[in-house]
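Summary of structural features
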Amino acid sequence: GDSVTQMEGPVTLSEEAFLTINCTYTATGYPSLFWYVQYPGEGLQLLLKATKADDKGSNKGFEATYRKETTSFHLEKGSVQVSDSAVYFCALSDRQGQAGTALIFGKGTTLSVSS
Amino acid sequence: DSGVTQTPKHLITATGQRVTLRCSPRSGDLSVYWYQQSLDQGLQFLIQYYNGEERAKGNILERFSAQQFPDLHSELNLSSLELGDSALYFCASSVEGTGWDGYTFGSGTRLTVV
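Residues numbered from 1 in each chain as written. Chains lettered and ligands numbered in written order. Predicted model: local features only at pLDDT ≥ 70, side-chain atom pairs only at ≥ 80, totals over all residues. Heavy atoms only, no water.

Our next topic: the overall build of chain A. Helix and strand counts for chain A come out as zero helices and 12 strands. Computed over its C-alpha atoms, the radius of gyration of chain A comes to 14 Å, within 12% of the 13 Å expected for a compact globule of 115 residues. Across its three principal directions, the C-alpha atoms of chain A cover 45 × 30 × 20 Å. Buried residues in chain A amount to 48% of all 115 residues. Across chain A, contacts joining residues at least 24 apart in sequence account for 57% of those joining residues at least 6 apart. If the 9 positive side-chain charges of chain A are averaged to one point and the 12 negative ones to another, these points end up 7 Å apart. (Helix = DSSP H or I, 4+ residues; strand = E, 2+ residues; numbered from the N terminus. Rg over C-alpha atoms; globule rule 2.2 N^0.38 Å. Buried < 20%, exposed > 50% of the residue type's maximum accessible area, 1.4 Å probe, protein only. Contact = heavy atoms within 4.5 Å. Lys, Arg positive; Asp, Glu negative; His and termini not counted. Charge placed at Lys NZ, Arg CZ, Asp CG, Glu CD.)

Dropping the structure here:
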């Protein structure tokens, strides 16, 4: 079935460091890919998305490119801030998968940024 | 405030009991999704409703059931509760049934089974 695999955390960085969180997926069809962020005590918020191969999603300095050949959607940011500390989830929506169009999430990667 | 309202925020109950979690979707959204978040399993998709009808099912146990009412609010019923059912339960909504533009999540109901 469809699945998402994320690098295990926690990821601990100093402010202004470069961030990469790896995400790979397995899907039956041609999924859309998403990154969501969860701040402490809150629900998940959509960070960015890409709906087809080679699309780049971007928001708030974060970027991710849909790579069909490597089935990956890695999240990057050039210079992290303390306020970026949160849990990041990679997700896919595969219309042809068992879950229909429901999002399938990875297990999440905790990012901790110190000043 | 995301616009998706979940009640209650916290719930503590005993094993074997039954509880109902409630979700009101964002205004204008027709689709509701339920997820269970636990430390060991991560975020697991349970079930989706679109405009009152079940659209997709995930890893939902037979002890769990859900429905979406004509006013589009949804309820998740959990019965014969076990310790392992302790988790955060999230509701999310989207305008249509595809979720291509992403979901709007509520802040969750934390269920503790003792």
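Right, let's talk about the sheet that holds strand β3 (residues 19-24) of chain B for a bit. Residues and elements named next belong to chain B. Spatially, four strands are ordered β1-β3-β8-β7 in an open sheet, and the strand pairing comes out antiparallel. Pairing within the sheet leaves two strands with one partner each, and these edge strands are β1 (5-7) and β7 (64-68). Across the sheet, the mean angle separating the axes of adjacent strands is 15 degrees when strand polarity is ignored. Where β1 meets β3, three bridges bridge the pair, whose relative direction is antiparallel. When the bridges of β3 are listed, Gln6 appears paired with Cys23. (Pairing = 2+ DSSP bridges. Axes fitted to C-alpha atoms, helices over the stretch in contact; angles between N-to-C directions.)

Along the chain, the position of Ser32 of chain A falls in strand β5 (residues 32-38). The class for Ser32 of chain A is buried, based on a relative accessible area of 3%.

Take the nonpolar core next. Leu19, Trp35, Leu48, Phe73, Leu75 and Tyr88 of chain A are the most contacted members of the largest nonpolar core, which has 26 residues in total. No other element matches strand β10 (residues 86-93) of chain A, which puts four residues into this core. When residues no more than four places from it in sequence are discounted, the contact partners of Phe73 of chain A are Cys23, Leu33, Phe34, Trp35, Leu48, Lys49, Ala50, Ala64, Thr65, Tyr66 and Cys90 of chain A. Counting 20 residues, the second largest nonpolar core, distinct from the first, contains Val4, Leu21, Tyr49 and Ala66 of chain B. (Core = buried A, V, L, I, M, F, W, Y, C linked by side-chain atoms within 4.5 Å.)

This brings us to the state of the cysteines. All chains considered together, the criterion is met by two disulfides over all chains. The disulfide partner of Cys23 of chain A is Cys90 of chain A, and the gap between their sulfur atoms is 1.9 Å. Looking down the S-S bond of the Cys23 of chain A and Cys90 of chain A bridge, the torsion is -70 degrees, so its handedness is left-handed. With Cys23 of chain A in strand β4 (residues 23-26) and Cys90 of chain A in strand β10, this pair connects stretches of sequence that are 67 residues apart. One exposure class covers both Cys23 of chain A and Cys90 of chain A, and it is buried. One disulfide bridge connects Cys23 of chain B with Cys91 of chain B, the sulfur atoms lying 1.8 Å from each other. Torsion about the S-S bond of the Cys23 of chain B and Cys91 of chain B cystine: about -50 degrees, corresponding to left-handed handedness. (Disulfide = S-S within 2.5 Å.)

What follows is about the pairing of β10 of chain A. Residue and element names in this part refer to chain A. For β10, the tally of buried residues reaches seven of eight residues, placing the bulk of the element in the interior. In the sheet, β5 pairs with β10 via seven bridges, with the strands oriented antiparallel. Each bridged residue has a counterpart across the sheet, and for Gln38 the counterpart in β10 is Val87. Relative to strand β12 (residues 109-114), β10 is paired through three bridges, and the arrangement is antiparallel. Bridge pairing in β12 links Ala86 to Leu111. When β10 meets strand β11 (residues 103-105), the two strands line up antiparallel, connected through three bridges. The partner of Ala91 across the bridge, within β11, is Phe105.

Quick look at the pairing of strand β6 (residues 44-50) of chain A now. Residues and elements named next belong to chain A. With six bridges connecting them, β5 and β6 associate as antiparallel partners. Each bridged residue has a counterpart across the sheet, and for Val37 the counterpart in β6 is Gln45. Joining the antiparallel neighbours β5 and β6 is a turn of five residues, in which Gly41 adopts a positive phi near 75 degrees.

This brings us to the packing of aromatic side chains. All names here are of chain B. Within the structure shown, the criterion is met by 14 aromatic pairs over all chains. A centroid spacing of 5.6 Å and a plane angle of 55 degrees characterise the contact between Tyr35 and Phe45, whose relative ring orientation is tilted. Here Tyr35, found in strand β4 (residues 31-38), pairs with Phe45, found in strand β5 (residues 42-50); they are 10 residues apart in sequence, far enough to count as distant. The same class applies to Tyr35 and to Phe45, which are both buried. (Phe/Tyr/Trp six-rings, centres within 6.5 Å; stacked < 30°, edge-to-face > 60°.)

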